[in-house]
Amino acid sequence: MWDEVLAQPSYNPTLRPPLPPFTLEMALQKVQMAEDAWNSKNPEKVSLAYTVDTEWRNRTEFINGRAEVQAFLTRKWEKELDYKLKKELWTYGENRIAVRFEYEWHDASGQWYRSYGNELWEFDQNGLMRKRFASINDLSIKPDERRFTTTPITNS
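Residues numbered from 1 in each chain as written. Predicted model: local features only at pLDDT ≥ 70, side-chain atom pairs only at ≥ 80, totals over all residues. Heavy atoms only, no water.

Peer 1: Sorry if this is basic, but what is going on with the overall build of the protein chain here?
Peer 2: A tally of regular secondary structure across the protein chain gives four helices and six strands. Reading the helices (α) and strands (β) of the protein chain from amino to carboxyl end gives α-α-α-β-β-α-β-β-β-β. Expressed as a percentage of its 156 residues, the buried residues of the protein chain come to 42%. Looking at the protein chain alone, contacts between residues at least 24 apart form 53% of all its contacts between residues at least 6 apart. (Helix = DSSP H or I, 4+ residues; strand = E, 2+ residues; numbered from the N terminus. Buried < 20%, exposed > 50% of the residue type's maximum accessible area, 1.4 Å probe, protein only. Contact = heavy atoms within 4.5 Å.)

Following this line, the structure appears as structure tokens:
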């Protein structure tokens, strides 16, 4: 969905529709766009959804600005291999959205994990995310316990 927006000749990088105040339909669209972008595992592309001075808390890490977001996401996806994310709208209002999510990944040794969490998002008037606060817990899982697979499961 977001790739189509980026490809439009009239694309304006300072606007990230839908813009607040959010309706239910707009909040659902924003959540789906975030899920699609994060599943691309492209730190540069993902970082464009955030203000240049964005503030994050991700687990115990505090991140400020797009450059730090890109560096964080690069490290994340170098560690969290075969990452697959699902997000779900929890609630919304004015310029804020709350989501719950889970994602699966494995480390370099082949150990699979399912990570569960909640995010609180705040957007500026242009639809860019100004604040993101995430609380996340990891659960070790066996390969046959994976939920988000479209490829055969192997033990390698």
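Peer 1: How do you make sense of the pairing of strand β4 (residues 96-106) when you look at a structure like this?
Peer 2: A regular strand carries its side chains on alternate faces of the sheet. β4 sits mainly inside the fold: nine of its 11 residues count as buried. Joining the antiparallel neighbours strand β3 (residues 81-93) and β4 is a turn of two residues, in which glutamate 94 adopts a positive phi near 45 degrees. Of the pairings in the sheet, the one linking β4 to strand β5 (residues 112-123) comprises 11 bridges and is antiparallel in character. The residue of β5 that forms the bridge with arginine 96 is glutamate 122. Connecting β4 to the antiparallel partner β5 that follows it, the hairpin turn spans five residues, and glycine 110 within it adopts a positive phi of roughly 95 degrees. (Pairing = 2+ DSSP bridges.)

Peer 1: Help me out: how do you make sense of the side chain of aspartate 124 in this one?
Peer 2: When you line up the elements, aspartate 124 lands in the loop between β5 and β6 (129-141). With no salt bridge to any partner, buried aspartate 124 finds its closest opposite charge in arginine 130, at an N-O distance of 5.7 Å. Within the structure, the side chain of aspartate 124 is placed 2.9 Å from the backbone nitrogen of asparagine 126, a separation counted as a polar contact. Setting aside chain neighbours within four positions, we find aspartate 124 in contact with Pro20, Thr51 and Arg130. (Lys, Arg positive; Asp, Glu negative; His and termini not counted. Salt bridge = Lys/Arg side-chain N within 4 Å of Asp/Glu carboxyl O. Polar contact = N/O pair within 3.5 Å; in protein donor to acceptor, adjacent residues only side chain to side chain.)

Peer 1: Would you mind showing me how to read the packing of aromatic side chains here?
Peer 2: Pairs of aromatic rings are described using the distance from one ring centre to the other and the angle between the two planes. A full pass over the atoms with the stated rule returns 10 aromatic pairs. Ring geometry for tryptophan 56 versus phenylalanine 72: centroids 5.8 Å apart, planes at 80 degrees, classification edge-to-face. With tryptophan 56 in strand β1 (residues 50-58) and phenylalanine 72 in helix α4 (residues 66-79), the pair connects residues that are 16 residues apart, well separated along the chain. Its relative accessible area of 7% is what places phenylalanine 72 among the buried residues. On the numbers, 4.8 Å between centres and 40 degrees between planes, the contact of tyrosine 83 with tyrosine 103 is tilted. Taken together, the residues tyrosine 83 in strand β3 and tyrosine 103 in strand β4 connect sequence positions 20 residues apart. Judged by relative accessible area, which is 1%, tyrosine 103 ranks as buried. Residue placement shows lysine 87 over the ring face of tryptophan 38; its charged tip is 5.5 Å from the ring centre. Note that arginine 146 overlies the ring of tryptophan 112, its terminal NZ or CZ placed 3.8 Å from the centroid. (Phe/Tyr/Trp six-rings, centres within 6.5 Å; stacked < 30°, edge-to-face > 60°. Lys NZ or Arg CZ within 6 Å of the ring centre and 35° of its normal.)

Peer 1: Before we go on, may I ask you to explain the nonpolar core in this structure?
Peer 2: Nonpolar side chains tend toward joint burial in soluble globular proteins. Membership of the largest hydrophobic core comes to 29 residues, with the highest contact counts inside it found for Trp38, Tyr50, Trp56, Leu73, Ile97 and Trp121. Those elements giving two or more residues to this core turn out to be α2 (24-40), β1, α4, β3, β4, β5 and β6. If sequence neighbours within four positions are ignored, tyrosine 50 has contacts with Trp38, Trp56, Arg66, Val69, Leu128, Met129 and Arg132. (Core = buried A, V, L, I, M, F, W, Y, C linked by side-chain atoms within 4.5 Å.)

Peer 1: Would you take a moment to explain unusual backbone geometry for this structure?
Peer 2: What is expected of a backbone is that most residues other than glycine have negative phi and most peptide bonds are trans. Cis rather than trans, the peptide bond between proline 17 and proline 18 has omega equal to 0 degrees. Take proline 18: it is sitting in the loop between α1 (2-7) and α2. Residue proline 21 follows proline 20 across a cis peptide bond; omega there is 5 degrees. Here proline 21 shows up in the loop between α1 and α2.

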